[in-house]
Amino acid sequence: MPAPISSPIADLFEQLGPLGLEGLPDLRRYLAWVPDPRGRRGRWYSLECLLAICACAVLAGVTTVEGVGEWARNAPSEIRAALRIRRHPLGWRQVPSRRCLTGLLARIDADALDRAVCSWLAARRATDTTAENSEALRAVAVDGKSLRGSRDANG
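Here goes a summary of the coordinates provided. (Residues numbered from 1 in each chain as written. Predicted model: local features only at pLDDT ≥ 70, side-chain atom pairs only at ≥ 80, totals over all residues. Heavy atoms only, no water.)

1. Digging into the packing of helix α3 (residues 47-59) against helix α4 (residues 65-74)
Note the following rule: Comment: axis = line fitted to C-alpha atoms, over the contacting stretch for helices; angle = value between 0 and 180 degrees taken between N-to-C directions. A helix here means a DSSP run of H or I that spans at least four residues, while a strand means a run of E at least two residues long, and both kinds are numbered starting from the N terminus. Should an angle fall under 35 degrees it is taken as roughly parallel, and over 145 as roughly antiparallel, whereas 65 to 115 is taken as roughly perpendicular and any remaining angle as oblique. Note on definitions: a residue-residue contact is assigned when non-hydrogen atoms from the two residues lie within 4.5 Å. Any residue that is not Ala, Val, Leu, Ile, Met, Phe, Trp, Tyr, Cys, Pro, Asp, Glu, Lys or Arg is counted as polar, Gly included; the first ten are nonpolar and the last four charged.
Close contact between α3 and α4 brings their axes to 9 Å; oriented N to C, the two are set at 95°. The angle between α3 and α4 places the two elements in the roughly perpendicular class. For the pair formed by α3 and α4, the contact residues are Ile53, Cys54, Cys56 and Ala57 on the first element and Val68, Trp71 and Ala72 on the second. Here the residues of the contact of α3 with α4 are counted per class, giving seven nonpolar, no polar and no charged.

Okay, here's the thing in structure tokens:
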């Protein structure tokens, strides 16, 4: 018999309602603004693909380059396709190696990457405020901690 779910997180996600991802700006388009520090020869992956893999892995909680590679290896084929990871001639989607990611991240222009991500966030915020439901953004704490004394008679 499976154990009952003790976390109210799933209920809180239902209260947030649908995400409504249509109409949001695509991060990859903004990542294309970052200049590619690699040479022209021997590129298997596009820069946008590599940076999108890193962004997704970091959002999933990864903190190391090895973790980014592991996250990409464990990602389902649908995610690999959405990230536009190039297909190997034998049919599978080969993820980048640790050496590929380390070399790229060591030479990337951090200011250009910062400008691209900030522009994406600004564009995303602009679409959020023009949406039909322009209430303040709601946040949900999912780590299970709460501030002592923050609950009042109304909840």
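2. A few points about the packing of aromatic side chains
Heads up, the rule is: We call Phe, Tyr and Trp rings a pair once their centres come within 6.5 Å, taking the six-membered ring for Trp, and we label the pair stacked below 30 degrees between planes, edge-to-face above 60, and tilted otherwise.
One pass over the full model with this rule turns up one aromatic pair. On the basis of an interplanar angle of 65° and a centroid distance of 4.9 Å, the ring pair of tyrosine 30 and tryptophan 33 is categorised as edge-to-face.

3. Regarding the environment of serine 119
Filter applied, for reference: For every residue, the accessible area obtained with a 1.4 Å probe (protein chains only) is divided by the maximum for its type, and the residue is called buried under 20%, exposed over 50%, and partly exposed between those limits. Two N or O atoms form a polar contact when they lie within 3.5 Å of each other; inside protein one atom must be a possible hydrogen donor and the other a possible acceptor, and for residues adjacent in sequence the pair counts only when both atoms belong to side chains.
Along the polypeptide, serine 119 turns up in helix α7 (residues 110-129). With relative accessibility at 25%, the residue serine 119 sits in the partly exposed group. Distance from serine 119 to leucine 27, taken between C-alpha atoms, is 9.4 Å for residues 92 residues apart in sequence. Excluding its chain neighbours within four sequence positions, the residues that come into contact with serine 119 are Tyr30 and Trp33. A distance of 2.8 Å separates a polar atom in the side chain of serine 119 from the backbone oxygen of arginine 115.

4. A short note on α3
In an α-helix there are 3.6 residues to a turn, and that puts residues three or four apart on one side. We count it as follows: A helix is expected to reach a length of 1.5 Å times the quantity of its residues less one.
Its 13 residues place the ends of α3 18 Å apart at the C-alpha level, agreeing with the 18 Å of an ideal helix rising 1.5 Å per residue. Of all the residues in α3, the buried ones are Leu47, Cys49, Leu50, Leu51, Ala52, Ile53, Cys54 and Ala57. One or two positions beyond α3, positive phi appears at glycine 61, with a value near 100°.

5. A few points about the pattern of salt bridges
We apply this condition: Salt bridges are defined by distance alone: a side-chain nitrogen of Lys or Arg within 4 Å of a carboxyl oxygen of Asp or Glu.
Under the definition given, this model contains three salt bridges. The shortest N-O distance in the salt bridge between arginine 38 and aspartate 36 comes to 2.8 Å. Overall, the relative accessible area of 14% leaves arginine 38 in the buried class. Taking the relative accessible area as the measure of exposure, aspartate 36 reaches 23% and is therefore partly exposed. Taking the shortest distance from any N to any O, the salt bridge between arginine 98 and glutamate 66 comes out at 2.6 Å. Separated by 32 residues along the polypeptide, arginine 98 in helix α6 (residues 98-107) and glutamate 66 in helix α4 bring together distant segments of the chain.

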